[in-house]
Amino acid sequence: MKPKPFDVHKLFRSLSHRFSLHSSPYSSKTHFNRSTKPETPFFLSSHSDGPLIKLSCRDSNLRESIDHLCKQKRLKDVVQLLECQVSAPSAALYSTILQLCIDKRALDEGKRVHAHIKSSGFVPGIFISNKILHLFCKCECVSEARKLFDEMGERDLCSWNILISGYAKMGRVAEARQLFDEIPERDNFSWTAMISGYVKHKEPANALDLFRSMQKSENSMSNKFTISSALAASAAIQYLRFGKEIHGRIMRTELDSDAVVLCALLDVYGKCGSLNEARYIFDRAEEKDIVMWTTMIDRYFGDGRWEDGLSSFSDLLHSGIRPNDYTFAAVLNACAHQTAEELGRQVHGHMIRTGFDPYSFAASALVHLYTKCGSIERAYKVFKCLPRPDLVSWTSLMNGYAQNGQPHEALKLFDQLLVSGTQPDHVTFVGVLSACTHAGLVDKGLEIFYSINERHGLSHTGDHYACVVDLLSRSGRLKEAEEIIDKMPMKANKFLWASLLGGCRKHGNLEVAEKAGEALFEIEPENGATYVTLANIYANAGKWGEVRKMRKLMEERGVVKKAGMSWVDVKRKVHVFLAGDENHPKSEEIFEFLREVSMRMKEKGYVAETNNVVHDVEEEQKEQNLLYHSEKLAVAFGIISTSAGTPVKVFKNLRTCVDCHSAIKFMSSITERKIIVRDSSRFHCFESGRCSCHDYW
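Fair warning: this is a prediction, and the values are worked out from it, not measured in the lab.

## Some details on helix α7 (residues 126-138)
An ideal rise of 1.5 Å per residue puts 18 Å on 13 residues; α7 measures up with 18 Å between its terminal C-alpha atoms. All buried positions along α7 are accounted for by I128, S129, N130, K131, I132, L133, L135, F136 and C137. Tucked into the core, α7 has its buried residues touching α5 (91-103), α6 (107-119), α8 (142-151) and α9 (157-169). Phi turns positive one or two residues past the end of α7, at E140, with a value near 60°.

## Topic: unusual backbone geometry
Positive phi values are uncommon outside glycine, yet Q238 reaches one of about 50°. The backbone phi angle of E672 is positive, close to 55°, even though this residue is not glycine. Along the chain, E672 falls in the loop between α36 (658-671) and β4 (675-678).

## Details of a nonpolar patch on the surface
Together, M565, V574, V576 and L578 make up an exposed nonpolar region whose accessible area comes to about 310 Å². Among the elements that line the nonpolar patch, the one with the most residues is strand β2 (residues 573-578), at three residues. Locating L578 in the fold gives a position in strand β2.

## Here we look at the confidence of the model for the chain
Confidence in the prediction of the chain, expressed as mean pLDDT, is 86, and 88% of residues score 70 or more. Across residues 18-60 the pLDDT falls below 50, and counting only partners more than four positions away or on other chains, this stretch makes 61 contacts in the model.

## Remarks on the packing of helix α23 (residues 391-403) against helix α25 (residues 426-439)
Running from amino to carboxyl end, α23 crosses α25 at an angle of 15°, the nearest separation of the two axes being 8 Å. Classed by the angle they form, the pair α23 and α25 counts as roughly parallel. Considering how the two elements wind past one another, α23 and α25 form a crossing that is left-handed. Every residue of α25 that contacts α23 at L391, T395, M398, N399, A402 and Q403 is listed here: V427, T428, G431, V432, S434, A435 and H438.

## Comments concerning the packing of aromatic side chains
Enumeration over the complete set of coordinates arrives at 18 aromatic pairs. Aromatic pair F180 and W191: ring centres 5.1 Å apart, planes at 75°, arrangement edge-to-face. Of the two residues, F180 is situated in helix α10 (residues 173-182) and W191 in helix α11 (residues 188-200); the sequence distance between them amounts to eleven residues. The interplanar angle of 35° and the centroid separation of 4.6 Å between the aromatic rings of F521 and Y531 together place this pair among those described as tilted. Taken together, the residues F521 in helix α30 (residues 510-523) and Y531 in helix α31 (residues 528-540) connect sequence positions ten residues apart. With respect to burial, F521 and Y531 carry one shared label: buried. In this structure, R186 packs its charged tip against the face of W191, placed 5.5 Å from the ring centre.

## Notes on the sheet that holds β2
Sheet strands line up and pair through hydrogen bonds in the backbone, either parallel or antiparallel. Pairing in this open sheet of six strands is mixed, and the strands run β2-β1-β3-β4-β5-β6 from one edge to the other. Either end of the sheet is taken by a strand with one partner, and the two such strands are β2 and β6 (690-691). Pairing of strand β3 (residues 648-652) with β4 involves four bridges; the strand directions are parallel. Within β4, the position partnered with V648 by the bridge is I675. On top of the sheet, helix α35 (residues 630-640) reaches β1 (565-570), β2, β3 and β4; it is set at about 10° to β1, its chief contact.

## Remarks on the pairing of β1
Only one face of β1 is covered, namely the one carrying S566, V568 and V570; the face carrying M565, W567 and D569 has none of its residues buried. The antiparallel hairpin formed by β1 and β2 contains two residues in its connecting segment, where K571 sits at a positive phi of about 55°.

Reading guide: rules and limits
- Residues numbered from 1 in each chain as written.
- Predicted model: local features only at pLDDT ≥ 70, side-chain atom pairs only at ≥ 80, totals over all residues.
- Heavy atoms only, no water.
- Helix = DSSP H or I, 4+ residues; strand = E, 2+ residues; numbered from the N terminus.
- Expected span 1.5 Å × (residues − 1).
- Buried < 20%, exposed > 50% of the residue type's maximum accessible area, 1.4 Å probe, protein only.
- Contact = heavy atoms within 4.5 Å.
- Patch = residues over 30% accessible without salt bridge, like charges linked within 9 Å, V, L, I, M, F, W, Y side chains within 5 Å.
- Areas by Shrake-Rupley, 256 points an atom, 1.4 Å probe, with all protein chains shown as cover.
- Salt bridge = Lys/Arg side-chain N within 4 Å of Asp/Glu carboxyl O.
- pLDDT = per-residue confidence, 0-100.
- Axes fitted to C-alpha atoms, helices over the stretch in contact; angles between N-to-C directions.
- Parallel < 35°, antiparallel > 145°, perpendicular 65-115°, else oblique.
- Left-handed = near helix turned anticlockwise from the far one by under 90°.
- Phe/Tyr/Trp six-rings, centres within 6.5 Å; stacked < 30°, edge-to-face > 60°.
- Lys NZ or Arg CZ within 6 Å of the ring centre and 35° of its normal.
- Pairing = 2+ DSSP bridges.

Laid out in structure tokens, this is it:
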């Protein structure tokens, strides 16, 4: 069923409306519901003098005392009381205490209970041993679990399943599979634990092979968890045919209406690009839970169907079902991808009003949204409100600083990250190296590059090499950049050669540029950017014959230059411009404004940067061509369409040209506006005739 047309104003109204499912008032801070009624303790805490606990030790009704403490979740007091006992309590009492340890993931207290069992002379049966086994696995202490498993004189199927599941959840799937192959008998839990372990740890092909083996087994019958794991594996490798086979099988069972299975089916069709089938499954579900809504919304965004995703999110808000952190993260990431900051802010406000977990990844998605949209101050405010920022939040803010002309803030944040004890990963170092690149801090960047392996024990990735080659190339150290490429352990990819070519363009090195160009022609001959960059280098050197050769080569190979495109959001409507665009309703006003401001710019010393115009035409024609570049049109429209002093934010799909960069600096001074331009590599914040990149870009 085709979704109804999307109304963005309806969504804004929905987000602005006070949500009734939560009692938090409208506030700029997140509120959490806490009980204000004090809890009256039955026993004194273990942190105070404990006469009542000592009294309980003399009390014959030990079971009643421990039961009461367990109900109050006072595990430390429970263990202290247990350790007062000389004789062994009953198996039921040990079971109660161990279950509380499991619920609270209390490994230390659990080990003390285990030690008491050994010292008291109590001989645990399979049931108690399995409880201890479960505790060790849940606390990710599988070495202790394996030791206990090997010591157990008698094991049942549950013992095997607990250890298989523990290994699988920890990502030790090879060891889990070895146990799985040794198990005397298997049930649905055994199969599902192993299959889901493969799926969770990115081995979907092995998961599907095992699922096929399960189907051939006489004593096995798939349940909804096995089926959903197999479907998740199909989705991971986009194996639609197998997903359809499973779909056909479950249509003959009662599982075809199960919410878990339907959600997994929806994900398969969505990730395999069959959005219409996914929507059909979604629409036929009698009861749609938040997981199903979120999956459908996320699949729309993942397939680039922005309006359908927003329309479904709007429908969710009107359904009475409360979005969860996964829903918010999906919408916020889509807003970041579309640079739709205004809508993202509305979603943020809705999250505050309805309450959200500041420890969740939805909070990280907020930091990512604001950094991608160039609102670094907002990103920092969100980051500072996070009780314990995760690595994604640290890295997003670091990248934001690097791309918004504040590389020193990015490096300062990196130092704070190291002090916090959070371990950086490969992606974090890409952000840090980018900060060094944007600031021209070559020696600092090289120091960090070598520390990745020497200090942090991580291996260098292709992205790290691309960053350091970019760092050296921008600074004119092209020979060193070439040496890095020659010595790196993996084959240089297009990003490394493109960085080297960009450095050659900046520093006019024809010899190295031609070498980089040849490498790029071999890797991706269809990419027009390589031809255009080489043509620019030749044009800048006055080699017009070589420029014509580049154009001819493009024609022969059928390569088309990617059109430059800029857009600006004015009054919640996005306006898109191409170079020389005359189709906009206000084209005449835009061109008139540019002509007037161009005259004032020249009076203040502006000289058009015509060196990179790849057409052998008169200087006046070159200037005319430059005047109507897409970013200038978007900036001009933003200025004439907003009140004086209003900041203008423009986005461009390609790197902004040297002349536009120079011209917009003058425009910011003349119009007394803050003008932000986000090109394909970074943000440029123009204010009072200066740019945040300090002309190093």
